[in-house]
Amino acid sequence: MEKVIEVRDLRKKYGNFEAVKGIDIDVFKGEVFGFLGPNGAGKTTTLEILEGLRKPTSGTIKMFGEEIKGDVIPEIKERIGVVLQQTSFLDHLKVKEILELFASFFKKSISIEKALEMVELKEKVNAYPENLSGGQRQRLAIAVALINDPDLIFMDEPTTGLDPQSRESIWVLVEKLKSNGKTIFLTTHYMEEAQRLCDRITIIDHGKVVETDSPEHLILKYGGESKIDFSCTPTPPTEKVEELERELQGKIHKLDDHCRIVTKDLTQTLEKIVLWSKKNNVSLTDVFFIEPTLEDVFLNLTGRELRD
Ligand code: ATP
């Protein structure tokens, strides 16, 4: 598989503090690559180095097979798009003029109409950024990043602070870009975003790579066991609960008004709970299956949640 980014032993020091401590990253053509980690893990530092905004202390970076020494060369800049966490626009320029300005920085660009069509913002072509909603401004930022028809798009927490509808529309757009063969380097603090969009994820913590794999494999390897939550009416006496524990060979945890059992085998455990409830004439209410998620992977690998 063709590598779009290859990073080896990347390090970055701020004074005496080493924020990035020798990380390796491989990003393959056409994938959505997630770069995740708790606050302060070194994501932005790494991303800014890859985007050419910061200089590394040491390490090698190859983009499109070309080693980057010093500044990112213009030929590579032509092939990159960057969506920052927040973008400031010149408020006296209309949407159309902003896109024309950015298009003028590149040798090759797509039409303003096409860029706005991709982010579903055509009707705002003559609007001023200050009159756009948060979600629309972020879509404009994406249109700016796409104006040079880049092969590789960096997206630094593109949906932070957006409402669910705007977030969904950006997710659909990322999926569309991927299906058009683009490579996307994404950082996010949203677990569902990473789980839905990313083909592979590298998790970093304290400036080091902790693990790299697909979301599915990460969950399988580090997500831990599944859980079943349930309530019973009437509340069974302690000896009946102990009987169920013996049956399940596991501890039943009392949580507020419901019970929780941790299990490797959801089906078999549920069958046993149902049999027990029938035998003891109790009704099961509010039965929930809780499958492990990337959030659990995070907690297990880093001891912290995605967001502090
Ligand atoms: P977040 O999820 O909070 O955005 P992050 O993973 O992007 O965090 P970075 O912003 O890369 O983390 O920061 C990594 C570490 O480097 C942190 O401890 C941070 O305080 C430190 N750091 C970042 N920028 C500088 C700087 N310019 N000078 C000194 N230390 C810095």
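Residues numbered from 1 in each chain as written. Predicted model: local features only at pLDDT ≥ 70, side-chain atom pairs only at ≥ 80, totals over all residues. Heavy atoms only, no water.

Enquirer: It is not clear to me how the site of the ligand should be interpreted in this structure. Could you clarify?
Expert: Tyr14, Phe17, Ala19, Pro38, Asn39, Gly40, Ala41, Gly42, Lys43, Thr44, Thr45 and His189 make up every residue found near the ligand. Bound to the protein, the ligand loses 62% of the 640 Å² it would expose on its own. Secondary-structure elements contributing two or more residues to the shell around the ligand are β2 (17-28) and α1 (43-50). Per element, the largest residue contribution to the shell around the ligand is three residues, and it comes from α1. The class makeup of the residues in the shell around the ligand is five nonpolar, six polar and one charged. (Near = heavy atom within 4 Å. Areas by Shrake-Rupley, 256 points an atom, 1.4 Å probe, with all protein chains shown as cover. Helix = DSSP H or I, 4+ residues; strand = E, 2+ residues; numbered from the N terminus. Nonpolar A, V, L, I, M, F, W, Y, C, P; charged D, E, K, R; others polar.)

Enquirer: Help me understand the packing of aromatic side chains, please; the structure alone is not making it clear to me.
Expert: The description of an aromatic ring pair rests on the distance of the ring centres and on the angle between the ring planes. The tally for this structure, following the rule as stated, stands at four aromatic pairs. Ring geometry for Phe102 versus Phe105: centroids 5.5 Å apart, planes at 75°, classification edge-to-face. Relative accessible area serves as the criterion here: at 52%, Phe105 is assigned to the exposed category. Considering the side-chain rings of Phe154 and Phe185, the 5.4 Å spacing of their centres and the 55° angle between planes classify their relative orientation as tilted. Pair noted here: Phe154 is in strand β7 (residues 152-156) and Phe185 is in strand β8 (residues 183-187), with a separation of 31 residues, a long-range link. The ring of Phe64 carries the charged tip of Arg79 above its face, separated from the ring centre by 3.8 Å. Against the face of Tyr190 rests Arg167, its NZ or CZ located 3.9 Å from the ring centre. (Phe/Tyr/Trp six-rings, centres within 6.5 Å; stacked < 30°, edge-to-face > 60°. Buried < 20%, exposed > 50% of the residue type's maximum accessible area, 1.4 Å probe, protein only. Lys NZ or Arg CZ within 6 Å of the ring centre and 35° of its normal.)

Enquirer: Which parts of the structure should I look at to understand the domain arrangement of the protein?
Expert: It is common to report an interface's size as the accessible area lost on association of the parts. Partitioning the protein into structural domains gives domain 1 (3-221) and domain 2 (225-291). The centre of domain 1, based on its C-alpha atoms, is set 45 Å off from the matching centre of domain 2. (Domains from an automatic or database assignment.)

Enquirer: It is not clear to me how the sheet that holds strand β13 (residues 258-263) should be interpreted in this structure. Could you clarify?
Expert: Remark on secondary structure: sheet strands pair via backbone hydrogen bonds, oriented parallel or antiparallel. Pairing is antiparallel across the open sheet formed by four strands, whose spatial order is β12-β13-β11-β14. The open sheet has two edge strands with one neighbour each: β12 (252-255) and β14 (283-290). Pairwise comparison of adjacent strand axes, ignoring direction, gives a mean angle of 25° for this sheet. When strand β11 (residues 226-233) meets β13, the two strands line up antiparallel, connected through five bridges. Of the residues in β13, the one forming a bridge with Asp229 is Arg260. Strands β11, β12 and β13 of the sheet are contacted by helix α9 (residues 238-248), whose axis makes an angle of about 135° with β12. (Pairing = 2+ DSSP bridges. Axes fitted to C-alpha atoms, helices over the stretch in contact; angles between N-to-C directions. Contact = heavy atoms within 4.5 Å.)

Enquirer: I would appreciate a short explanation of the environment of Lys254 in the present structure.
Expert: In this structure, Lys254 sits in strand β12. Taking relative accessible area as the criterion, Lys254 reaches 58% and is therefore assigned exposed. Lys254 sits 178 residues away from Ile76 along the chain, and the two C-alpha atoms are 57 Å apart.

Enquirer: How do you make sense of the sheet that holds β8 when you look at a structure like this?
Expert: As summarised here, the arrangement of the six strands in space is β6-β7-β8-β3-β9-β10, forming an open sheet in which the pairing is mixed. One side of each edge strand has no neighbouring strand; the edge strands of this open sheet are β6 (80-83) and β10 (208-213). Across the sheet, the axes of successive neighbouring strands diverge by a mean angle of 15°, strand direction being ignored. Its contacts with the sheet place helix α11 (residues 294-302) against β3 (32-36), β9 (200-205) and β10, and it is angled at close to 35° to β9.

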